[in-house]
Amino acid sequence: MTEIRFYHLQRRTLEQALPKILEKVIERSWRAVVLAGSPERVDALNQHLWTYDPASFLPHGSARDGFAERQPVWLTAEDENPNGATVLVLVDGVTSERLGSYDLVCDLFDGNDEEAVLAARDRWKACKAAGHGLTYWQQNDRGGWEKRA
């Protein structure tokens with residue numbers, strides 16, 4: 001059974017939260033696929049992950065970079081897993097037909113966008129009906145994550 005975590009972004013943007021989540025993936029020597037809503041979004045995230053913090057290095061790549069099998073983090077707009085990832089990160093409200101092939105799925109959604117919240121609720125219901133283990137994470141006042149019941 002896949003563990004699916006829903007991350008309700010309220011105090012930080014996706015661009016602020018995503019690198020921190022991916023840093024945790026790398027710290028644990030895991031591999032991740034980040035599934036975005038469009039090739040343009042992939043390009044923007046790819047560039048952002050190189051520049052978000054001058055003091056850090058977050059190895060990642062996309063189809064433009066190639067060598068998918070060598071990339072610990074693969075950014076894509078396709079429902080694929082070319083780097084053998086065990087973690088899937090969903091952004092932009094996208095869904096995957098491959099949820100069950102990952103150990104962990106992180107669904108990040110904008111809590112300041114009512115449509116995004118409603119869509120996340122629908123994804124939650126679908127994942128629950130499919131029998132996945134679900135947890136809900138909300139940002140605290142400092143921007144850290146707290147697991148909610």
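Residues numbered from 1 in each chain as written. Predicted model: local features only at pLDDT ≥ 70, side-chain atom pairs only at ≥ 80, totals over all residues. Heavy atoms only, no water.

Novice: How should I be thinking about the packing of helix α1 (residues 14–27) against helix α2 (residues 39–51) in this particular structure?
Specialist: At a closest axis distance of 11 Å, the pairing of α1 and α2 adopts a crossing angle of 65°. Considered as vectors, α1 and α2 are oriented roughly perpendicular to each other. Here the hand of the crossing between α1 and α2 comes out right-handed. Contact residues: L14, E15, L18, P19 and L22 in α1; R41, L45, H48 and L49 in α2. (Axes fitted to C-alpha atoms, helices over the stretch in contact; angles between N-to-C directions. Helix = DSSP H or I, 4+ residues; strand = E, 2+ residues; numbered from the N terminus. Parallel < 35°, antiparallel > 145°, perpendicular 65-115°, else oblique. Left-handed = near helix turned anticlockwise from the far one by under 90°. Contact = heavy atoms within 4.5 Å.)

Novice: In this structure, what is going on with α1? I would like to understand it.
Specialist: An α-helix turns once per 3.6 residues; consequently, residues spaced three or four apart project the same way. Between its first and last C-alpha atoms α1 spans 20 Å; for 14 residues at 1.5 Å apiece the expected length is 20 Å, and the two agree. Those residues of α1 that fall on the buried side of the exposure criterion are L14, A17, L18, P19, I21, L22, E23 and V25. (Expected span 1.5 Å × (residues − 1). Buried < 20%, exposed > 50% of the residue type's maximum accessible area, 1.4 Å probe, protein only.)

Novice: Quick question: what am I supposed to make of the pairing of strand β8 (residues 145–148) here?
Specialist: In the case of a regular strand, side chains alternate between the two sheet surfaces. Relative to β8, strand β7 (residues 133–139) runs antiparallel, the two being bridged by 4 bridges. Considered in β8, the bridge of Q139 is made with W145. Between the antiparallel neighbours β7 and β8 lie 5 residues, among them G143 with a positive phi of about 90°. (Pairing = 2+ DSSP bridges.)

Novice: Explain the state of the cysteines here, please?
Specialist: Under the counting rule described, the total for this entry stands at 0 disulfides. The cysteine C106 is free of any disulfide, with C127 supplying the nearest cysteine sulfur at 12 Å. For C106, a relative accessible area of 3% gives the class buried. The exposure class of C127 is buried, given its relative accessible area of 9%. (Disulfide = S-S within 2.5 Å.)

Novice: Explain unusual backbone geometry here, please?
Specialist: Most peptide bonds adopt trans geometry, and most residues besides glycine take a negative phi value. Notably, F67 is not glycine yet its phi reads approximately 55°, a positive angle. Take F67: it is sitting in the loop between β3 (61–62) and β4 (73–76). A positive phi angle, near 65°, is found at D92, a position not held by glycine. Looking at where D92 falls in the secondary structure, it is placed in the loop between β5 (87–90) and β6 (104–110). You can call D92 partly exposed: its relative accessible area is 37%.

Nothing here speaks to function; it is geometry throughout.
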